Amino acid sequence: MKPAFSICVYCGSRPGQQLSHTYAAEAVGRWIGENRGELVYGGGRTGLMGTVADATRAAGGRVVGIIPTALVGKEVANPLCDELHVVDTMHERKAMMGERADAFIALSGGIGTFEELFEIWTWRQLGYHDKPVGILNVAGYYDRMLDFVAHGVREGFMNDWQMTLVRIGREPEELLSALVDEARRHPSGDQLARVL
Ligand code: AMP
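Keep in mind the model is a prediction, meaning the values are calculated, not measured.

Cut-offs used in this document
- Residue numbers run consecutively from 1 along every chain, following the written order of its sequence.
- Totals for whole chains, interfaces and linings use all residues, but because this is a predicted model, local features are given only for residues with pLDDT of at least 70 and pairs of side-chain atoms are given and counted only at 80 or more.
- For the side-chain quantities, the full set of heavy atoms in the structure was used; hydrogens and water were omitted.
- Secondary structure elements are defined from DSSP: runs of H or I of at least 4 residues count as helices, runs of E of at least 2 residues count as strands, and each element is numbered from the N terminus.
- The classification of residues rests on relative accessible area computed with a 1.4 Å probe and restricted to protein chains. Under 20% of the type maximum is buried, over 50% is exposed, and intermediate values are partly exposed.
- In this description, a disulfide is simply a cysteine sulfur pair whose atoms lie within 2.5 Å.
- What makes a residue near a molecule or strand is one non-hydrogen atom of that residue sitting within 4 Å of it.
- Counted as a polar contact is a pair of N or O atoms within 3.5 Å, where, for protein atoms, one must be capable of donating a hydrogen and the other of accepting one, and residues adjacent in sequence contribute only when both atoms are in side chains.
- Computed by Shrake-Rupley with a 1.4 Å probe, the accessible areas treat only the displayed protein chains as cover when residues are assessed.
- Throughout, the protein atoms alone are placed on a 1 Å grid, and a set of points is a cavity if a 1.4 Å probe fits but cannot get out or a pocket if it is open with protein on both sides within 12 Å along at least five of seven lines; lining residues have an atom within 4 Å of a point.
- Cavities and pockets are treated as containing a molecule whenever more than half of the molecule's atoms lie within 2 Å of their grid points.
- Patches in this entry comprise residues that are over 30% relatively accessible and not in a salt bridge; like charges within 9 Å are linked, as are nonpolar side chains (Val, Leu, Ile, Met, Phe, Trp, Tyr) within 5 Å.
- Salt bridge criterion: a side-chain nitrogen from Lys or Arg within 4 Å of a carboxyl oxygen from Asp or Glu.
- Neither His nor the chain termini are counted; the positive set is Lys and Arg, and the negative set is Asp and Glu.
- Throughout, a charge is located at the NZ atom of Lys, the CZ atom of Arg, the CG atom of Asp or the CD atom of Glu.

S.K.: Requested: an account of unusual backbone geometry, with residues and values cited.
M.R.: What is expected of a backbone is that most residues other than glycine have negative phi and most peptide bonds are trans. The backbone of arginine 36 sits at a positive phi, close to 55 degrees, despite the residue not being glycine. Following the sequence through the fold, arginine 36 ends up in the loop between helix H1 (19-34) and strand E2 (38-41). Classification of arginine 36 by relative accessible area gives partly exposed; the value is 43%.

S.K.: Got a sec to walk through the state of the cysteines? Specific residues and values, please.
M.R.: All chains considered together, the criterion is met by zero disulfides. The closest cysteine sulfur to the non-disulfide-bonded cysteine 11 is located on cysteine 8, 9.3 Å from its own sulfur. The closest cysteine sulfur to the non-disulfide-bonded cysteine 81 is located on cysteine 11, 12 Å from its own sulfur.

S.K.: Talk me through the site of the ligand; I want residue IDs and the actual numbers.
M.R.: Around the ligand sit 16 residues in total, of which Ser13, Glu75, Gly110, Thr113 and Glu115 are the nearest. One nitrogen or oxygen atom from the side chain of threonine 113 is found 2.6 Å from an oxygen atom belonging to the ligand. Here an oxygen atom of the ligand and a side-chain polar atom of glutamate 116 are 3.3 Å apart. Contact with the protein chains hides 78% of the accessible area of the ligand, taken as 480 Å² for the molecule alone. Judged by the proximity of its atoms to the pocket grid, the ligand belongs to the largest pocket. When residues of the shell around the ligand are traced back to their parent elements, those giving at least two are helix H3 (90-100) and helix H4 (111-125). Top contributing element to the shell around the ligand by residue count: H4, with five residues.

S.K.: Give me the lowdown on a negative patch on the surface, citing residues and values where you can.
M.R.: A cluster of like negative charges, contributed by Glu34, Glu171, Glu173 and Glu174, occupies part of the molecular surface. Following the sequence through the fold, glutamate 171 ends up in the loop between strand E7 (167-169) and helix H7 (172-185). Here glutamate 171 falls in the partly exposed class, since its relative accessible area comes to 46%.

S.K.: If you had to explain the pattern of salt bridges to someone new, which residues and values would you point to?
M.R.: One pass over the full model with this rule turns up twelve salt bridges. As a salt-bridge pair, arginine 100 and glutamate 38 come within 3.7 Å of each other at their nearest N and O atoms. With a gap of 62 residues between them, arginine 100 in helix H3 and glutamate 38 in strand E2 connect regions that are remote in the sequence. Take arginine 100: its relative accessible area is 27%, and that puts it in the partly exposed class. Between glutamate 115 and lysine 94 there is a salt bridge, with the nearest N and O atoms lying 2.7 Å from each other. Of this pair, glutamate 115 sits in helix H4 while lysine 94 sits in helix H3, and the two are 21 residues apart along the sequence. Its relative accessible area of 6% is what places lysine 94 among the buried residues.

Just geometry here; none of it tells us what the structure is for.
This is the structure:
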């Protein structure tokens, strides 16, 4: 059966110090599964990545993992994925994640997560796609980063428009349903496949 939607989750390959990050990742996976959705993610079993994938599957969702060959051992490629794609490079991984998903959400994570979030955000700024992008700000984890982005607006390197391209929320279910609703209202074509 075709999934109701496909959402790409970016998150840490580590669990972080506070359990609130793990609980949020579980809530995200559960919501995807309960709503018969598909998770597109980095394909690992470690940290929050593994948590979100396990929770999605446990709730009946579909899991698509995309991992570069070089990281199969390091991030522990997840054999429980319904689809596991082992690709040659990081760029291939990110392009495929971008193409496969209807929407994107970043949970807590490290520089890999930041990089993926900023890339998909800038791709939207450039018109490479027009799919919804969200940041789940668990326990204020992203407060300082968002303050810095606001500093960039004040300094004239961007304007408020860039801030409208990302939806920020603290509640997993609320943010996920807003992103999926937005994706349904404005279905995006295959722009990414054409420009990448
Ligand atoms: P992290 O948030 O640093 O734990 O990384 C989360 C995910 O981002 C992992 O799947 C990493 O493989 C991925 N990642 C790490 N470095 C990069 C990079 N340079 N470009 C894109 N993704 C990365």
